[in-house]
Amino acid sequence: MPASKNTHAENGDPHAFLPLTPAVFHILLALADGERHGYSIMREVEVYTNGQLKLGATTLYRSIRQMLAAGLIIESDERPDSTLDDERRRYYRLSDLGRQVALAEMQRLDRLMAVARGKRLSLNQAAPGITTGMTMGGL
Amino acid sequence: MSVPPPSSSSHPSQPAPKPWSVAATLHVYRMLLGMYPRGFRAAYGADVLQVFRQRCGDAYRERGAAGVMRLWLPAIVDLLIGAVADYCCLAVEAWRRSMSTDRVRSSAITVFCAYIAFVLAGIGFQKMSEYEDFTQAAKAHTLIGVSFNVILFGSGIALLAVLGGGLPLAFASLRYALSARRTDILLLLGVPIVAFGALIGYGAIVLAVTRGEKLHIGFVGLVAVLILGAIASTAAVSLAVKRSQIDGNLFYFARIPAAITTLTMLAICLATIVWGLGLRFDAPQLFNGDGGLVATSTAANWFGIVTVMTIATLVAMAGVARSFNMPRHMRATVA
């Protein structure tokens, strides 16, 4: 990230973080419903992408480290009941900034979709193997 | 807190026996994770292993040993790419830190060198203005008197600021030289002592040879020894500081005394100009006389002193501006 972009990011401008890497965006989406631990994030992403995106363990935690440093997510202080889950697991949740950044990225992608629709692209022209379930905005 | 659907993987407090495929995979994975920088391993190593252990457990339950084997390639690729990226980030950060430290270090050295040049010019001014005629003029004319007092007061402040910023650096350099057994740095730090000894020795020799007569002949030599000693000392100390491994925060702190020194140099320089102009208008006989060093032209001496002071001040200002105009990412790495 260039210095000027860093400065905006430090000032809490959500647009300064865009575009997000796929891993970061998916982690934000996975945490949109509530707190999750690392493996739960990984499974959630896998489920809603129909298994097309499998985050590696190190990719996941490198992204988490980066997002914690940027203030997009927060490590939860609370721990679940030890009878239900492993106490040592770390749980993460979205920060207000993280939510704003996720929304900003969605808006960015929406605008991109609008441009794509304006170019008269249709699903009939899609490459073989691309399914409607995986496309965003009904392209 | 919403607890996600529990994975069917084993709870760490009740470890279930692992199939050989899972155990071997985890063993290799743990070894490969050792490639990562220590900071990442310390912070997230256990979490990464736990997540991968659960993934292996789930894969085994779904597809047996074949399912675990299918994890190998993506896991190795993920590990390798992540490790390379992490080391690249560390290298970039180290480079930025070194660049920023070099920048504040060279800035501090620049201001120090400029200050020494300024002091030499100041010594010339002090020698010239110490004569009775000049002190009387300072008492008789407000402009000359006020500007002279500004020069005196400013000299004290500048000296204190240089000591405040420079002594911690000199001590840090000395400490590093002693701990790292760097004889070259110790020798460099000894140059100012040798130079001072040479100055005292030269003075003593001149006094002994001339027996207090024709001192002006020896004075030229004394000035030469002083200037040469100052140049050698400045270069040696600068080189010693440059060669030493000193905490970047010390250089970062030194920016403030360096800025104070530079501002004081500017004030002294302006006061010296005002002093000369005041002398020219209020006591022209002195300004146009031969009250300079070794009975040379006062005006020429004043002009030479002002020229050296101006150049030194501009150099110091450039050095200070450079250290305060560091890009944000550089400042972060120093602080």
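Attention here is on the structure that accompanies the text.

**Focus: unusual backbone geometry**
Only a minority of non-glycine residues have a phi that is not negative, and only a minority of peptide bonds are not trans.
Part 1: Between L18 of chain A and P19 of chain A the backbone carries a cis peptide bond, its omega angle lying at -10°.
Part 2: In this structure, P19 of chain A sits in the loop between α1 (3–10) and α2 (22–31).
Part 3: The phi dihedral of N50 of chain A falls on the positive side, at around 55°, and the residue is not glycine.
Part 4: Mapped onto the elements, N50 of chain A comes out in the loop between α3 (38–48) and α4 (57–70).
Part 5: Positioned with a positive phi, R181 of chain B is a non-glycine residue whose angle comes to about 55°.
Part 6: Among the structural elements, R181 of chain B can be located in the loop between α4 (142–179) and α5 (183–210).
Part 7: In this structure R181 of chain B comes out as exposed when scored by relative accessible area, which is 74%.

**With respect to α2 of chain A**
All names here are of chain A.
Part 1: With respect to burial, α2 is a largely interior element, eight of its 10 residues being buried.
Part 2: For α2, the complete set of buried residues consists of A23, V24, F25, H26, I27, L28, A30 and L31.
Part 3: Tucked into the core, α2 has its buried residues touching β1 (36–37), α3, α4, β2 (73–75), β3 (91–94) and α5 (96–118).

**Comments concerning the packing of helix α7 (residues 248–282) of chain B against helix α9 (residues 298–324) of chain B**
Residue and element names in this part refer to chain B.
Part 1: α9 packs onto α7 with a crossing angle of 155° between their chain directions and a minimal axis gap of 9 Å. Accordingly, the angle class assigned to the pair α7 and α9 is roughly antiparallel. Every pair of crossing elements has a handedness; the one defined by α7 and α9 is left-handed.
Part 2: Each residue belonging to the contact of α7 with α9 can be placed in one class, and the counts come to 19 nonpolar, seven polar and one charged.

**Points about the pattern of salt bridges**
Part 1: In this structure the tally under the stated criterion is 13 salt bridges over all chains.
Part 2: The partner of R93 of chain A in a salt bridge is E35 of chain A, and the shortest N-O contact between them spans 3.7 Å. Here R93 of chain A is found in strand β3, whereas its partner E35 of chain A is found in the loop between α2 and β1, with 58 residues between them in sequence.
Part 3: Classification of R93 of chain A as partly exposed rests on a relative accessible area of 34%.
Part 4: One salt bridge in this structure joins D86 of chain B and R65 of chain A, with 2.6 Å as the shortest N-O distance. Taken together, the residues span two chains, with D86 of chain B in helix α2 (residues 38–129) and R65 of chain A in helix α4.
Part 5: For D86 of chain B, a relative accessible area of 3% gives the class buried.

**A closer look at the environment of V220 of chain B**
Part 1: Tracing the backbone shows V220 of chain B in helix α6 (residues 215–243).
Part 2: For the pair formed by V220 of chain B and L293 of chain B, sequence separation is 73 residues and the distance between their alpha carbons is 9.2 Å.

**Notes on the side chain of S63 of chain A**
Part 1: Looking at the element boundaries, S63 of chain A is found in helix α4.
Part 2: Of the polar contacts made by the side chain of S63 of chain A, one reaches the backbone oxygen of T59 of chain A; its length is 2.8 Å.

**Notes on the packing of aromatic side chains**
The relative placement of two aromatic rings is captured by the distance of their centres and the angle of their planes.
Part 1: Counted by the stated rule, this structure contains eight aromatic pairs over all chains.
Part 2: Taking 5.7 Å as the distance between ring centres and 40° as the angle between the ring planes, the aromatic pair formed by F40 of chain B and Y44 of chain B counts as tilted. Note that F40 of chain B and Y44 of chain B are positioned in helix α2 at a spacing of four residues, about one turn of the helix.
Part 3: For F40 of chain B, a relative accessible area of 1% translates into the label buried.
Part 4: Under the relative-accessibility criterion, Y44 of chain B is labelled buried at 7%.
Part 5: Here a set of aromatic residues connected by ring pairs shows up, and it is made of Y61 of chain A together with Y36, F40 and Y44 of chain B.
Part 6: Taking the ring centre of Y252 of chain B as reference, the NZ or CZ of R255 of chain B above it sits at 4.1 Å.

**Overview of the sheet that holds β2 of chain A**
Residue and element names in this part refer to chain A.
Part 1: Within the open sheet, the three strands sit side by side as β1-β3-β2. Their pairing is antiparallel. Of all strands in the sheet, those with a lone pairing partner are β1 and β2, marking the two edges.
Part 2: As paired elements, β2 and β3 share three bridges and run antiparallel to each other. Bridging across to β3, I74 finds its partner in R93.
Part 3: Its contacts with the sheet put α2 on β1, β2 and β3, and the angle it makes with β3 is roughly 95°.

**Thoughts on the nonpolar core**
Part 1: Ranked by internal contacts, the top residues of the largest apolar core, which has 47 residues, are L28, I41 and Y61 of chain A.
Part 2: When residues of this core are traced back to their parent elements, those giving at least two are α2, α3, α4, β3 and α5 of chain A together with α1 (20–33) and α2 of chain B.
Part 3: Among the elements that make up this core, the one with the highest residue count is α2 of chain B (13 residues).
Part 4: In this structure L28 of chain A touches L20, M67, L72, I73, L94, G98, V101 and A102 of chain A, once residues within four positions along its chain are discounted.
Part 5: In terms of nonpolar packing, the next biggest core, distinct from the first, is built from 35 residues, I151, A230, L286 and V306 of chain B among them.

What counts, and at which threshold
Residues numbered from 1 in each chain as written. Chains lettered and ligands numbered in written order. Predicted model: local features only at pLDDT ≥ 70, side-chain atom pairs only at ≥ 80, totals over all residues. Heavy atoms only, no water. Helix = DSSP H or I, 4+ residues; strand = E, 2+ residues; numbered from the N terminus. Buried < 20%, exposed > 50% of the residue type's maximum accessible area, 1.4 Å probe, protein only. Contact = heavy atoms within 4.5 Å. Axes fitted to C-alpha atoms, helices over the stretch in contact; angles between N-to-C directions. Parallel < 35°, antiparallel > 145°, perpendicular 65-115°, else oblique. Left-handed = near helix turned anticlockwise from the far one by under 90°. Nonpolar A, V, L, I, M, F, W, Y, C, P; charged D, E, K, R; others polar. Salt bridge = Lys/Arg side-chain N within 4 Å of Asp/Glu carboxyl O. Polar contact = N/O pair within 3.5 Å; in protein donor to acceptor, adjacent residues only side chain to side chain. Phe/Tyr/Trp six-rings, centres within 6.5 Å; stacked < 30°, edge-to-face > 60°. Lys NZ or Arg CZ within 6 Å of the ring centre and 35° of its normal. Pairing = 2+ DSSP bridges. Core = buried A, V, L, I, M, F, W, Y, C linked by side-chain atoms within 4.5 Å.

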